[in-house]
Amino acid sequence: MTAYRPRLFTSDAEIQHLGERFLARSLPKEEWTHKAHLATTTWLLLRRREIDVDNELPGLIRRYNESVGGVNSDSEGYHETITRVYLNGVRLFLSEADTAEPLHEIVNELLLSPMGRRDWPLRFYSRERLLSVEARRDFIAPDLAALP
């Protein structure tokens, strides 16, 4: 099996544009990908420090989802545990990264790191626990290994 390799960013402006469109709720739904989630989170943490990501990100995601016709329910839309796990992962990555590098290089390195993988949360959670209604509604502790 060939390992997944995401299309990488080529400029900081590409990430800023993505983040700004997310905040303005003008980003097309099909562009709100895993890669976009991680790039936007990194941009928020490094370039939009006036935004309290821990408190504001859940509402930002929920409102964005609704703005593109999505719903936030027990089966789709915002997922609290996955959001918190990736927020932790992005911060963990940034704690070791050279944040003086261009933003697109930082995000590309994140996307290629273990913390950037789509299956990263499954290192800590069983699929059943992670995809449960309880985990979607509220952050729950992992059942396989402690989060770093």
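These numbers were taken from a predicted model, which means no experiment stands behind them. (Residues numbered from 1 in each chain as written. Predicted model: local features only at pLDDT ≥ 70, side-chain atom pairs only at ≥ 80, totals over all residues. Heavy atoms only, no water.)

Q: Would you mind showing me how to read unusual backbone geometry here?
A: Positive phi is not limited to glycine here, since Arg25 has a value of about 60 degrees. As for its placement among the helices and strands, Arg25 is situated in the loop between helix H1 (12-23) and helix H2 (34-47). (Helix = DSSP H or I, 4+ residues; strand = E, 2+ residues; numbered from the N terminus.)

Q: For this particular structure, what's the right way to read the layout of surface pockets?
A: Space left empty within the atom packing is revealed by a probe, the size of a water molecule, rolled over the atoms. Taken as a whole, the largest pocket encloses approximately 830 Å³ of empty space. What lines the largest pocket is a set of 31 residues, and nearest its centre among them are His34, His37, His79, Ile82 and Tyr86. Of all elements in the fold, only H2, helix H3 (53-67), helix H4 (80-96) and helix H6 (127-130) reach the threshold of two or more residues within the lining of the largest pocket. With five residues, H4 is the single largest residue contributor to the lining of the largest pocket. Classifying every residue of the lining of the largest pocket by side-chain character gives 16 nonpolar, nine polar and six charged. (1 Å grid on protein atoms, 1.4 Å probe; cavity = no way out; pocket = protein on both sides within 12 Å on 5 of 7 lines; lining within 4 Å. Points joined across faces, edges and corners; volume = space filled by probe spheres on them. Nonpolar A, V, L, I, M, F, W, Y, C, P; charged D, E, K, R; others polar.)

Q: Whenever I open this one, H2 confuses me. Can you help?
A: Because each turn of an α-helix spans 3.6 residues, side chains separated by three or four positions end up pointing in the same direction. Compared with the 20 Å implied by 1.5 Å per residue over 14 residues, the 20 Å span of H2 between its first and last C-alpha is a close match. Of all the 14 residues making up H2, 12 are buried; the element is thus mostly covered by neighbouring parts of the structure. Residues of H2 that are buried: His34, Lys35, Ala36, Leu38, Ala39, Thr40, Thr41, Thr42, Trp43, Leu44, Leu45 and Leu46. Each element contacted by the buried residues of H2 is listed here: H1, H3, H4 and helix H5 (103-112). (Expected span 1.5 Å × (residues − 1). Buried < 20%, exposed > 50% of the residue type's maximum accessible area, 1.4 Å probe, protein only. Contact = heavy atoms within 4.5 Å.)

Q: Would you mind showing me how to read the nonpolar core here?
A: The nonpolar side chains of a soluble globular protein tend to be buried with one another. Judged by nonpolar contacts, the single largest core of 38 residues is most densely connected at Phe9, Ile15, Trp32, Val53, Leu94 and Val107. Listed by contribution, the elements that provide at least two residues to this core are H1, H2, H3, H4 and H5. It is H2 that contributes the most residues to this core, seven residues altogether. When residues no more than four places from it in sequence are discounted, the contact partners of Ile15 are Phe9, Ala39, Trp43, Leu103, His104 and Val107. (Core = buried A, V, L, I, M, F, W, Y, C linked by side-chain atoms within 4.5 Å.)

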